[in-house]
Amino acid sequence: MKVTTAALPLLPLCQRLLPGLPALPGLPGLPGLPGLTSLAGLPGRLTGLSMTLLKASALEVAILAGHLLLYPSGIIQERRSASALPPAESDGPRTSPPAPRLPAPTSPPVILLHGFIDNRSVFLLLRRSLAQHGRHQIESLNYSPLTCDIRTAAELLGRHVEEICERTGSERVDVVGHSLGGLIARYYVQRLGGDLRVRTLVTLGTPHAGTRVVPLANAHPIVRQMRPGSAVLEELTLPSPGCRTQFVSFWSDLDRVMDPLETACLDHPDLSVQNVRVSGIGHLALPVHPAVATGIREALDAVAPQKGNGRDERAGGLTVA
């Protein structure tokens, strides 16, 4: 702003040298230089952006600190009540009839799948939010931190889904995947026939087109599979005609794990997709922030539109900070 003000005395000279320049509205005798009006408001916009970045960064640090404290509690798989487990197989005669399966609920079970080097503890707040709003069959799955292949993790997810459907009596499930978890669930849906079981797949900050962040992390094979142009991501670009799953992808304009940011948007001609832009928070806050949790609940409760229309709805979004 100071530079612009200091240059104002020179503008009459420019007007004489360039007589074709129009006068700047509101400032008689000053030329209407393109962009001058927008430059006047630039410092304010930069200040607003800096404050948003500062708030988002502080929130990311706070979430990381809290998650490190909760991380040990999510290392082991969650326990299931004995009444929900299928009857054990036995070679001897049965002394009592097998316990009946639970009746199919009005809403399908929800499976929560964490991201890279993480565990189910990341979904503590989201799980509580879903339960408070009527979702009582929620399961947070852990895949091994030693997992080195998205395909293998997707096969394991498929076995979990079949077991959950058998135990609950539900024909289909909903899945919410954070970061890498969303990519694993997507591979299961598109490449392993999981669209027969997954009604809605919600992804949070998932690198659908691959991310270039932290090149040194390429030492890990699963990170290499999340790079643009990897064999796994190329498989996901193949045709998926008749896919029955509805996709909802939440992506943040302050997500520093996604490079470029738009890689968290899902774009495939055979998939029914809604991309939801989230403004004001970073990568770690996506499965934690209450506004995003509300958006996830609405996505799971919404009536799915016509499948396979390749729709990309980026107009809608959430401003959470």
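Just so it is clear, the model here is predicted, and its values are computed rather than measured.

Caption draft 1: Looking closely at the overall build of the protein chain. Counting secondary structure elements, the protein chain contains ten helices and seven strands. Expressed as a percentage of its 321 residues, the buried residues of the protein chain come to 43%. Sequence-distant contacts in the protein chain: of pairs separated by 6 or more residues, those separated by 24 or more amount to 79%. Counting only carbon and sulfur atoms, one obtains 63% of the accessible surface of the protein chain, whose full area is about 16,800 Å².

Caption draft 2: Structural detail: the sheet that holds strand S5 (residues 246-252). Pairing is parallel across the open sheet formed by seven strands, whose spatial order is S2-S1-S3-S4-S5-S6-S7. Strands with a single pairing partner mark the edges of an open sheet, and in this sheet they are strand S2 (138-141) and strand S7 (317-319). Neighbouring strand axes in the sheet, compared pairwise and without regard to direction, differ in orientation by 15 degrees on average. Helix H5 (residues 124-132) rests against strand S1 (110-113), S2 and strand S3 (173-178) of the sheet, and its axis sits at about 165 degrees to S2. Strands S1, S3, strand S4 (198-204), S5, strand S6 (272-279) and S7 of the sheet are contacted by helix H10 (residues 290-301), whose axis makes an angle of about 160 degrees with S4.

Caption draft 3: Here's a closer look at the side chain of Ser-170. When you line up the elements, Ser-170 lands in the loop between helix H6 (150-168) and S3. At a separation of 2.6 Å, a polar atom in the side chain of Ser-170 contacts the main-chain carbonyl oxygen of Arg-172.

Caption draft 4: Layout of the pattern of salt bridges. As enumerated under the stated definition, the model contains 13 salt bridges in all. Measuring nitrogen to oxygen at the nearest pair gives 3.3 Å for the salt bridge that ties Asp-301 to Arg-135. With Asp-301 in helix H10 and Arg-135 in the loop between H5 and S2, the pair connects residues that are 166 residues apart, well separated along the chain. Its relative accessible area of 53% is what places Asp-301 among the exposed residues. On the basis of relative accessible area, Arg-135 is assigned to the buried category, the value being 6%. A salt bridge links Asp-195 to Arg-244; the nearest nitrogen and oxygen atoms lie 3.0 Å apart. With Asp-195 in the loop between helix H7 (180-191) and S4 and Arg-244 in the loop between helix H9 (231-236) and S5, this residue pair connects regions lying 49 residues apart in the sequence. Overall, Arg-244 belongs to the partly exposed group, its relative accessible area being 42%. Overlapping salt bridges bring together Arg-135, Asp-174, Arg-199 and Asp-301 as one network.

Caption draft 5: Layout of the packing of H6 against H7. Packing of H6 against H7 brings their axes to within 8 Å, and their N-to-C directions diverge by 75 degrees. Taken as axis vectors, H6 and H7 run roughly perpendicular relative to one another. Residue-level contacts link Ile-150, Arg-151, Ala-153, Ala-154, Leu-157, Gly-158, Val-161 and Glu-162 of H6 to Leu-180, Leu-183, Ile-184, Ala-185, Tyr-187 and Tyr-188 of H7. Classifying every residue of the contact of H6 with H7 by side-chain character gives eleven nonpolar, one polar and two charged.

How each quantity is defined
- Residues numbered from 1 in each chain as written.
- Predicted model: local features only at pLDDT ≥ 70, side-chain atom pairs only at ≥ 80, totals over all residues.
- Heavy atoms only, no water.
- Helix = DSSP H or I, 4+ residues; strand = E, 2+ residues; numbered from the N terminus.
- Buried < 20%, exposed > 50% of the residue type's maximum accessible area, 1.4 Å probe, protein only.
- Contact = heavy atoms within 4.5 Å.
- Areas by Shrake-Rupley, 256 points an atom, 1.4 Å probe, with all protein chains shown as cover.
- Pairing = 2+ DSSP bridges.
- Axes fitted to C-alpha atoms, helices over the stretch in contact; angles between N-to-C directions.
- Polar contact = N/O pair within 3.5 Å; in protein donor to acceptor, adjacent residues only side chain to side chain.
- Salt bridge = Lys/Arg side-chain N within 4 Å of Asp/Glu carboxyl O.
- Parallel < 35°, antiparallel > 145°, perpendicular 65-115°, else oblique.
- Nonpolar A, V, L, I, M, F, W, Y, C, P; charged D, E, K, R; others polar.

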